[in-house]
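Examination of the molecular architecture
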Amino acid sequence: KERNVVADLPGSSPDDVVLVGAHFDSWEPAQGADDNGSGVAAVLDAARILKSLGVQPQATIRFAFFAGEEQACLGSHAYIDAHDKQLDHLWAALIMDNGASVPTGFSLHGRDDLELPLKQRLGGLASIGADSIVAGGDLYSDDESFVVAGVPALSLEVIPSDYDNRHHTIIDTFDKIDPRSLALDTAALALASYSIASADKQPGRRFSPAEVEELLKKTGQ
């Protein structure tokens, strides 16, 4: 059975949730520093920052470390199964699994209905150059579990790097992580999750299974 690590920053409407997640498992050849140690570090520090500020958004902000992503997203699938009855109240799932490079914004995996409301809510990320909202985007990590469940899923996008050459290899090591880029990724996750959770309503509704099927056909995912 998969074991995830989950912690909440309670909101004034505790049944509503904005999730911020990354996977803590990695391949064996190296340290897994960027796949996905950097994502775990960013999520953890985003939680620390928001907790230290004493904020109470509208929706609860939930921080999750998922197990078994490298084995077909087992941890995030287990999360979906365990919270099946609450998914209509999961406003969004923000996932980091693209390496610690300078953030540019978020991709929505075909949910173009989310583009306008999220551009409005995440405009504050322009100060760090991370306000780009892209309606498309490939499914490549725990984001797919939430997309298939119909939940609005946002994946942190970053500038191109040598990440694809390093991850799953012996050179995915701590010395390759750029501290400034990781700090910006952390800021993007903290600002985005707080902005979405502080709104008076979710950015978009949960899709039905039929709508998900149509979405996946349309996007070729």
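For the structure itself, consult the block above.
Presented here is a report on the structure given in the accompanying data block. Every chain is numbered on its own, with residues counted from 1 as its sequence reads. pLDDT decides what is reported in this predicted model: residues at 70 or higher carry local features, side-chain atom pairs at 80 or more are listed and counted, and totals for whole chains, interfaces and linings draw on all residues regardless. Think of the side-chain values as coming from all heavy atoms in the structure, minus any hydrogens and water.

The topology assignment puts S76 in helix α2 (residues 74-82). Polar contact is the term for a pair of N or O atoms within 3.5 Å; when the atoms are in protein, one must be able to donate a hydrogen and the other to accept it, and sequence-neighboring residues count only if both atoms are side-chain atoms. Separated by 3.3 Å, the side chain of S76 and the backbone oxygen of C73 make a polar contact. If near-sequence neighbours (up to four positions away) are discounted, S76 is found in contact with F66, A67, D142, S145 and F146. Only DSSP runs of H or I covering at least 4 residues are called helices, and only runs of E covering at least 2 are called strands; the numbering of each starts at the N terminus. Throughout, a residue-residue contact means that at least one pair of heavy atoms, one from each residue, lies within 4.5 Å.

Bringing the pattern of salt bridges into the picture now. By definition here, a salt bridge exists when the distance from a side-chain nitrogen of Lys or Arg to a carboxyl oxygen of Asp or Glu is within 4 Å. For the coordinates displayed, the defined rule picks out eleven salt bridges. Among the salt bridges present, the one from R166 reaches D162, with a minimum N-O distance of 2.9 Å. The class for R166 is buried, based on a relative accessible area of 4%. Judged by relative accessible area, which is 41%, D162 ranks as partly exposed. Among the salt bridges present, the one from K176 reaches D175, with a minimum N-O distance of 3.3 Å. Accessible area is worked out with a 1.4 Å probe on protein chains only. A residue is then buried under 20% of its type maximum, exposed over 50%, and partly exposed in between.

A few words now on the sheet that holds strand β6 (residues 132-134). Here, any two strands with at least 2 DSSP bridges between them count as paired. Strand order in the open sheet formed by seven strands is β1-β3-β2-β4-β7-β5-β6, and the pairing between neighbours is mixed. Each edge of the open sheet carries a strand with a single partner, namely β1 (5-9) and β6. With direction set aside, neighbouring strand axes in the sheet form an average angle of 25°. Pairing of strand β2 (residues 13-23) with strand β3 (residues 59-66), which is carried by eight bridges, proceeds in the parallel orientation. What sits directly across from S13, in β3, is A59. All axes here are fitted lines through C-alpha atoms, helices being fitted over the stretch that makes contact, and every angle between N-to-C directions spans 0 to 180 degrees.

On to the pairing of strand β5 (residues 103-107). In terms of burial, β5 is largely enclosed, as four of its five residues are buried. Note: β5 against strand β7 (residues 153-158), four bridges, orientation antiparallel. Each residue of the ladder has a partner; that of P103, found in β7, is V158. Pairing between β5 and β6: three bridges, direction parallel.

This brings us to the nonpolar core. Judged by nonpolar contacts, the single largest core of 39 residues is most densely connected at F63, F106, L122, L154 and L189. Mapped onto this core, the elements with two or more residues apiece are β2, α1 (33-53), β3, β4 (90-95), β7 and α6 (179-197). Ignoring anything within four residues of it in the chain, the contact list for F63 reads V5, V6, A7, L9, V20, V43, A46, A47 and L50. As used in this record, nonpolar core signifies buried Ala, Val, Leu, Ile, Met, Phe, Trp, Tyr and Cys residues forming a set joined through side-chain atoms within 4.5 Å. Judged by nonpolar contacts, the second largest core, of 16 residues, contains I80, A93, V147 and V151.

This part is about the packing of aromatic side chains. Stacked, tilted and edge-to-face are the three classes applied to pairs of Phe, Tyr and Trp rings, where Trp contributes its six-membered ring and a pair requires centres within 6.5 Å; stacked means planes under 30 degrees apart, edge-to-face means over 60, and tilted covers the rest. Taken as a whole, this structure holds three aromatic pairs when the rule is applied. Ring geometry for F66 and F146: centres 6.0 Å apart, planes at 50°, overall tilted. With F66 in strand β3 and F146 in helix α4 (residues 143-148), the pair connects residues that are 80 residues apart, well separated along the chain. Aromatic ring contacts, followed pair by pair, group F66, Y79 and F146 into a single cluster. The aromatic ring of F207 is capped on one face by R111, whose charged end is 3.6 Å from the ring centroid. Note on geometry: a ring has a charge over it if NZ (lysine) or CZ (arginine) is within 6 Å of the ring centre and within 35 degrees of the ring normal.

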